[in-house]
Amino acid sequence: MKRALATAALAGLAVLTACSFAPTYKRPDLPASADVYKEANGWKVAQPADDSARGPWWTVFGDPQLNALEDRVAGSNQNLKAAYARYEQARAQARQARADYFPSIGVDANATRQRQSTTRATSRPGAPAVFNDYLLDADLSYEIDLWGRVRNEVEAGKDAAQASAADLAGLDLATHAELAMDYFSLRADDSTQALLDEAVGAYGKALQLTQNLHRGGAASAVDVDQAQTQLQTARTQAADTRLRREQLEHAIAVLIGEPPAQFSLKPEPLAATPAPIDPGLPSSLLERRPDIAAAERRTAAANAGIGVARVAYFPEFSLAAAFGFESGQSGNWLTAPSRLWSFGPSALLTVFDGGRRAALTDQARAAYDEAVANYRQTVLTAYQEVEDNLAALHQLAQESSSQQLAVEASQRALTQATYRYKGGIATYLEVVSAQNAALQAQLSAANILARRMNADVLLIKALGGGWSSSQLDANASATGQAPVAETR
């Protein structure tokens, strides 16, 4: 009979300890996504590279200099180091929550000499007013998690650690993408600089020729002024391009953790072409974006927070125990007669708190609603970014084709204008106009190529850069596995 009662009691305790007041969590519903991206409909990239970028995605561009720079980001970028430290903090907080699964044990030892008041109500006649007290004891306290407070805090801590891991992966992706965009913009400026330097040289020769013709009476002073204006305008553009390139070089230095004064890149015109990227299906985006994973994990943590808040309505049960020795003399301090012990359960129930618990529960529910809205907005923004950059790549490819035709036509027009001017059947204004048109066509072509490269980088970033939510292992917060290479 006693054994049956004990078994029933243990079974009842097991049922109670399985309680949890957090709502059953499921991923929030999202607006139905299309079967394919709208901007990819009717447009197929040539020879997609293995469906999606994996690992060091920047290698798809085939630029050794870019690869070398990207490899230096993880170990040197200070923002990534700060994000890694935040991830470590989140893991430590998850371990703190797990510690409540176990009892807390403390040891206390002290030796005091005291004098008590002889006039207090509890003083005994003849008792010594001055005495020694030697104490050595161990105390144990343990919260019985009947209502799931500890389990929900552990779950919330694990979810928060996984969200922090996704944040770190997202920042890592954004930092690499920013470096790639800065690098391609710098190389585009190198192309622009080469065109402007060539134009400055050509305009200088044209000015010299015009001045010679003017001195011989074959050209007017207006032609000389036009040639001078054209030359100085090109020099101004070249100076502005050099400034922009220097600032991009400084930005790249900071991204790889170097002082700008100690870093430089040799000028080299942009010769890359956009890499073919298959965007995949819209439904796969949920698994490929670290910011989506972070938002979803924060939603799960907020759901667990509701359970923690609701537990406050129920009594808190705990066990306490103590064992030790206490004596007034050191000689018999650690002997059997000096032993002391205590053991017993306790329960604490808040009867009235002026609505504090209700307010905390409402706050937890509102925090969950906020997390759900943030998650849905993150997903919508992700779809927008993919569509934006698919559209950009599509339209810029068409712009590149038409602009190349414009470059060729402007070169033919410049050749004809030069012949006509040398033959005396056209004014120098016609030559200036043709030269400016040719230069602007070439500069526009270089700018379009830079925009195509940046749109390609942004598309890879929008698709998650090869990251997958499977990297958020369920035990990441406990195993100590870092989501990216350690940045210390």
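Residues numbered from 1 in each chain as written. Predicted model: local features only at pLDDT ≥ 70, side-chain atom pairs only at ≥ 80, totals over all residues. Heavy atoms only, no water.

## What to know about the overall build of the protein chain
Argument step 1. In terms of helices and strands, the protein chain carries eleven helices and four strands.
Argument step 2. In the protein chain, once contacts between residues fewer than 6 apart in sequence are set aside, the share between residues at least 24 apart is 83%.
Argument step 3. Put simply, the protein chain shows about 26600 Å² of open surface, and 55% of that area lies on carbon and sulfur atoms. (Helix = DSSP H or I, 4+ residues; strand = E, 2+ residues; numbered from the N terminus. Contact = heavy atoms within 4.5 Å. Areas by Shrake-Rupley, 256 points an atom, 1.4 Å probe, with all protein chains shown as cover.)

## What about the nonpolar core?
The tendency in soluble globular proteins is for nonpolar side chains to be buried as a group.
Argument step 1. Residues Y37, W57, F61, L69, F184, I252 and V386 are the most contacted members of the largest nonpolar core, which totals 60 residues.
Argument step 2. Of all the secondary structure elements, the ones that give two or more residues to this core are helix 2 (64–71), helix 4 (78–98), helix 5 (149–215), helix 6 (221–255), helix 7 (285–288), helix 8 (290–310), helix 9 (356–422) and helix 10 (428–462).
Argument step 3. The biggest single contributor to this core is helix 5, with twelve residues.
Argument step 4. For F184, the residues in contact, after removing those within four places along its chain, are F61, L66, L270, A272, M453, N454 and V457.
Argument step 5. In this structure, Y421, A434, A438 and L443 belong to the second largest nonpolar core, which totals 23 residues. (Core = buried A, V, L, I, M, F, W, Y, C linked by side-chain atoms within 4.5 Å. Buried < 20%, exposed > 50% of the residue type's maximum accessible area, 1.4 Å probe, protein only.)

## A few points about a nonpolar patch on the surface
Argument step 1. A contiguous nonpolar surface patch, about 440 Å² in accessible area, is contributed by F323, W341 and F343.
Argument step 2. Along the polypeptide, F343 turns up in strand 4 (residues 339–348). (Patch = residues over 30% accessible without salt bridge, like charges linked within 9 Å, V, L, I, M, F, W, Y side chains within 5 Å. Salt bridge = Lys/Arg side-chain N within 4 Å of Asp/Glu carboxyl O.)

## Focus: helix 5
Residues three or four positions apart in an α-helix share a direction because the helix packs 3.6 residues into each turn.
Argument step 1. Here helix 5 is 67 residues long and its end C-alpha atoms lie 95 Å apart, about the 99 Å a rise of 1.5 Å per residue gives.
Argument step 2. Of the residues trailing helix 5, G217 is marked for its positive phi of about 85 degrees. (Expected span 1.5 Å × (residues − 1).)

## A word on the environment of L429
Argument step 1. Here L429 shows up in helix 10.
Argument step 2. Residues L429 and D223, 206 residues apart in the sequence, show an inter-C-alpha distance of 7.2 Å.

## With respect to helix 10
Argument step 1. Between the first and last C-alpha of helix 10 there are 50 Å, a value that for 35 residues agrees with the 51 Å anticipated at 1.5 Å per step.
Argument step 2. Of the residues flanking the end of helix 10, it is G464, one or two places downstream, whose phi is positive at about 100 degrees.

## Focus on the sheet that holds strand 1 (residues 104–115)
Argument step 1. Spatial strand order, 1-2-3-4: four strands in an open sheet with antiparallel pairing. Each edge of the open sheet is held by one strand with a lone partner, namely strand 1 and strand 4. Neighbour-to-neighbour, the strand axes of this sheet turn through a mean angle of 20 degrees, independent of strand direction.
Argument step 2. Bridge analysis of strand 3 (residues 316–327) against strand 4 gives ten bridges, and the strand direction is antiparallel. Considered in strand 4, the bridge of G324 is made with L340. (Pairing = 2+ DSSP bridges. Axes fitted to C-alpha atoms, helices over the stretch in contact; angles between N-to-C directions.)

## Examining the side chain of R245
Argument step 1. Checked against the element boundaries, R245 lands in helix 6.
Argument step 2. For R245, a relative accessible area of 12% puts it in the buried group.
Argument step 3. Setting aside its immediate chain neighbours within four residues, R245 contacts L186, R187, D189, D190, L265, K266 and P267.

## Observations regarding the packing of helix 5 against helix 10
Argument step 1. In contact at an axis separation of 9 Å, helix 5 and helix 10 are set at 170 degrees when each is read in the N-to-C sense. Judged by the angle between their axes, helix 5 and helix 10 are roughly antiparallel.
Argument step 2. Among the residues making up the contact of helix 5 with helix 10, the classes are represented as 20 nonpolar, eight polar and one charged. (Parallel < 35°, antiparallel > 145°, perpendicular 65-115°, else oblique. Nonpolar A, V, L, I, M, F, W, Y, C, P; charged D, E, K, R; others polar.)

## Observations regarding the confidence of the model for the protein chain
Argument step 1. Averaged over every residue, the pLDDT of the protein chain is 87; the share at 70 or more is 89%.
Argument step 2. Least confident of the elements in the protein chain is helix 11 (residues 476–479), whose mean pLDDT is 42; most confident is helix 2, at 96.
Argument step 3. Scored below 50 in pLDDT, residues 45–53 makes twelve contacts in the model with residues more than four places away or belonging to other chains. (pLDDT = per-residue confidence, 0-100.)

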